[in-house]
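# Report on the structure
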Number of protein chains: 2
Amino acid sequence: MQTREKLFIPGPTEVNEEVLRALSKHPIGHRTEDFSKILKECFDGLKYIFRTKNPVVILSGSGTSGMDAAIASVLKPGDEVICITGGKFGERFAEIAEAYGARVKRFEIEWGKTFDKDELENFVANSDAEIITMVHNETSTGVRHDAEFVGKLAKKYNMIYILDCISSLGGDYVETDKWNVDLCISGSQKCLSLPPGLSFVAISEKAKERIEENTTRCYYLNLKKYLKSMEKNTTPFTPSINLIFALRKSIELIRKEGLENRIKRHVKISRALRRAIEEIGLELFVKDDDIASRTVTSVKYPKGLGDDFRYEIKNEFKILLAGGQSKLKGKIFRIGHMGNVTPNDVIAVLSAIELTLKRRGFNIRLGKSIEKFLEYI
Amino acid sequence: MQTREKLFIPGPTEVNEEVLRALSKHPIGHRTEDFSKILKECFDGLKYIFRTKNPVVILSGSGTSGMDAAIASVLKPGDEVICITGGKFGERFAEIAEAYGARVKRFEIEWGKTFDKDELENFVANSDAEIITMVHNETSTGVRHDAEFVGKLAKKYNMIYILDCISSLGGDYVETDKWNVDLCISGSQKCLSLPPGLSFVAISEKAKERIEENTTRCYYLNLKKYLKSMEKNTTPFTPSINLIFALRKSIELIRKEGLENRIKRHVKISRALRRAIEEIGLELFVKDDDIASRTVTSVKYPKGLGDDFRYEIKNEFKILLAGGQSKLKGKIFRIGHMGNVTPNDVIAVLSAIELTLKRRGFNIRLGKSIEKFLEYI
């Protein structure tokens with residue numbers, strides 16, 4: 001009997017035993033040299049993973065706290081901000097910017113699609129925005145947007161580029177510096193295979209200058225404080241000490257695997273999974289391989305099926321899949337394959353999907369999708 | 001040989017083994033019934049500890065995130081706010097309110113003292129403030145302020161009362177409802193004996209109304225979102241799942257001991273420790289027993305001693321004490337006795353202090369302070 005439910009949702013993801021053990025060490029004082037050493041290792045490791053020479057600060061909070069901090073720290077009320085939306089999290093950036101009094105111009109993409117480059121450039125050229133936001137890997141739809149292209153626009157039109165890499169960092173190619181990302185955000189519970197509770201923000205020189213200038217704006221999420229403390233290998237407020245222990249261990253494991261290998265593993269698994277899903281006869285929500293997420297795969301429910309299909313898989317096989325969010329509720333299900341995912345894990349998921357479809361009266365030859373998956377792996 | 005450094009700082013504090021084990025369980029999906037059940041237990045447990053019938057929301061963040069959220073969620077720019085200051089954390093409230101554009105009127109208390117009731121009432125009567133803030137137990141000085149009295153003023157002058165109970169809740173008497181506290185804030189790493197990373201805010205009906213009215217203001221720390229999600233036993237953003245596991249266990253242990261017993265243990269230990277410190281011939285920074293903190297004791301360094309005294313105790317005895325903060329740096333040291341502290345723990349601390357003083361040439365009869373401590377325990 002499988003001992004616990006396995007997580008194939010887009011976060012939290014499967015956490016390594018060693019990381020859980022590091023998590024459960026007794027806390028130590030956070031204003032000690034010992035802790036500063038651990039923090040320093042984490043700061044360095046995050047630079048390696050973000051592919052940046054710039055500082056990456058650590059916030060104790062959900063991924064959204066990093067998104068909020070990025071916007072709050074560079075925005076002045078009345079600023080125009082372009083938010084590329086096309087899913088729940090792209091929209092979240094717009095909501096945050098509005099909460100802080102920005103004039104938000106949404107560049108709306110149909111959910112499941114990506115932007116047209118000319119249209120986007122045209123939109124940017126006709127605006128006064130000094131800030132542009134995007135979600136690299138939109139987990140709500142399973143789309144991966146071209147973050148490099150937006151970086152080129154940001155440079156050309158001199159905008160601060162805020163990119164949410166929460167569900168791509170560590171599982172897909174993220175080039176913070178090369179892509180001119182000014183504020184690159186991630187979180188602990190996705191491809192870094194940690195429990196939730198930490199958020200990370202990589203901060204460019206350009207963003208730093210703007211953050212320094214910015215005066216009155218929130219307190220806990222003010223990145224200026226984190227940058228200043230980071231110089232002394234500390235944090236402005238008591239950090240989530242045990243999650244930092246776990247982060248250090250997770251970074252150690254990522255270095256051991258090698259970032260490039262880790263990403264290639266994700267790329268390979270996601271490609272093979274897409275072919276396997278098609279082999280079952282299910283329809284992928286994101287048609288185009290080139291824009292399909294490498295960390296989460298969204299699948300349309302066939303006629304007659306809804307979220308009860310997922311519940312059956314959860315109850316029968318102890319496999320947790322995600323449903324659709326917002327306007328996609330009941331229309332798609334999503335398979336997270338982030339972090340520590342292996343081909344064996346995905347085979348178990350495919351098998352569970354096949355068996356459950358068969359039980360529901362679909363004409364399925366068991367093992368068919370697994371054959372296809374193995375062919376591509 | 002003692003296996004690890006023991007924490008006698010005002011947070012993080014000693015964490016029970018069972019709590020660390022709960023912390024290291026594998027995360028589960030946070031949008032599942034199983035997790036909602038755990039959250040519900042935590043919400044109920046927090047009400048018990050806060051002594052309130054109102055909702056207590058859980059934020060993933062440091063204690064400061066709760067302070068920030070409380071202010072951000074009820075303040076409108078331009079509002080007048082009275083901040084009772086007299087230590088680092090009282091001052092923090094003023095800084096947060098200013099960051100959000102408030103007109104802050106500081107009621108300044110000398111560090112180590114408390115307010116004069118008439119003076120404070122006079123100050124309040126001559127202001128238009130709709131909000132008043134105070135820190136119940138100021139860890140930077142070791143002073144416990146009369147939070148009940150401020151609650152009476154808040155009621156009389158119709159102000160929103162924001163109280164920081166971060167380092168008192170669970171270790172000293174906190175009566176959220178009886179004292180008319182509108183936003184009562186605490187954190188995980190103090191008397192609740194958890195690792196840091198969670199903050200809690202109890203929200204009165206009056207505060208709730210004001211939060212509902214408030215429009216544009218930060219996002220991640222907007223309490224409106226937490227209140228709404230709490231109705232469905234969930235959180236607006238991915239919570240720090242593993243810390244919630246640990247919180248549930250900690251609440252279970254607190255219920256087992258009984259809140260009243262737990263507080264009495266703190267009261268007894270702090271009284272006895274004060275007498276023991278005097279017996280050594282050291283000077284208490286807070287003279288008056290009636291306003292001395294029950295969770296942290298601040299002691300003046302005698303002539304010729306400074307923070308190297310603490311480092312020696314750390315290195316020789318693996319006992320971590322805290323130094324002074326801000327203007328008290330190098331002038332005092334602080335002994336945290338929060339959460340799981342027992343008389344045996346304090347005896348070890350006293351013994352380390354005695355031995356280190358003797359080594360430094362002070363005329364000390366070893367065991368003297370321990371005798372006194374035991375007499376009062």
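Every value quoted in this text rests on a predicted model; they were computed, and no experiment measured them.

What follows is about the overall build of chain A. When its secondary structure is counted, chain A shows 13 helices and 13 strands. Here the C-alpha radius of gyration of chain A, 21 Å, is about what a compact globule of 377 residues would show, namely 21 Å. In terms of overall dimensions, chain A has a C-alpha envelope of 65 × 55 × 30 Å along the principal axes. Restricting the contact set of chain A to residue pairs at least 6 apart, pairs at least 24 apart contribute 72%.

All names here are of chain B. The mixed open sheet is built from seven strands, whose spatial order is β2-β10-β9-β8-β5-β3-β4. The open sheet terminates on both sides in strands that have one partner only, identified here as β2 (56–60) and β4 (103–108). Neighbouring strand axes in the sheet, compared pairwise and without regard to direction, differ in orientation by 20° on average. Judged from the six bridges that link them, strand β3 (residues 80–85) and β4 form a sheet pairing that is parallel. Across the sheet, the residue bridging to Ile84 is Phe107, located in β4.

With an RMSD of 0.0 Å, chain A superimposes on chain B once it is rotated by 180° and translated 0.0 Å along the axis. Seen this way, the second copy is the image of the first under a two-fold rotation axis. Take the interface residues of chain A: 100% of them recur as interface residues in chain B, which is what a same-surface contact looks like.

Turning to the pairing of strand β11 (residues 296–300) of chain A, a few remarks are in order. All names here are of chain A. By the criterion of burial, β11 is predominantly enclosed, with four of the five residues buried. Relative to strand β13 (residues 332–336), β11 is paired through five bridges, and the arrangement is antiparallel. Across the sheet, Val296 pairs through a bridge with Gly336, a residue of β13.

The next subject is the domain arrangement of chain A. Residue and element names in this part refer to chain A. Domain parsing of chain A yields domain 1 (6–12 + 258–376) and domain 2 (17–257). Between the C-alpha centres of domain 1 and domain 2 the distance comes to 27 Å. Between domain 1 and domain 2, the residue contacts involve 27 residues of the former and 28 residues of the latter. Listed by contribution, the elements that provide at least two residues to the side of domain 1 that touches domain 2 are α10 (259–280) and β11.

Residues and elements named next belong to chain B. Packing of helix α10 (residues 259–280) against helix α13 (residues 368–376) brings their axes to within 8 Å, and their N-to-C directions diverge by 150°. Classified by the interaxial angle, the pair formed by α10 and α13 is roughly antiparallel. The chirality of how α10 crosses α13 is right-handed. Where α10 abuts α13, its residues Arg271, Ala272, Leu273, Arg275, Ala276, Ile277, Glu279 and Ile280 lie against Lys368, Ser369, Lys372, Phe373 and Tyr376.

In this complex, chain A contributes 45 residues to the contact, which on the side of chain B involves 45 residues. When contributions to the side of chain A that touches chain B are tallied by element, the ones reaching two or more residues are α1 (17–23), α3 (63–74), α4 (88–99) and α9 (241–257) of chain A. The residue makeup of the side of chain A that touches chain B, split by class, is 22 nonpolar, 17 polar and six charged.

Each value, and the rule that gives it
Residues numbered from 1 in each chain as written. Chains lettered and ligands numbered in written order. Predicted model: local features only at pLDDT ≥ 70, side-chain atom pairs only at ≥ 80, totals over all residues. Helix = DSSP H or I, 4+ residues; strand = E, 2+ residues; numbered from the N terminus. Rg over C-alpha atoms; globule rule 2.2 N^0.38 Å. Contact = placed C-beta atoms within 7 Å. Pairing = 2+ DSSP bridges. Axes fitted to C-alpha atoms, helices over the stretch in contact; angles between N-to-C directions. Least-squares fit on C-alpha atoms with pLDDT ≥ 70 in both. Buried ≥ 20, exposed ≤ 12 C-beta atoms within 10 Å, placed from the backbone. Domains from an automatic or database assignment. Parallel < 35°, antiparallel > 145°, perpendicular 65-115°, else oblique. Left-handed = near helix turned anticlockwise from the far one by under 90°. Nonpolar A, V, L, I, M, F, W, Y, C, P; charged D, E, K, R; others polar.

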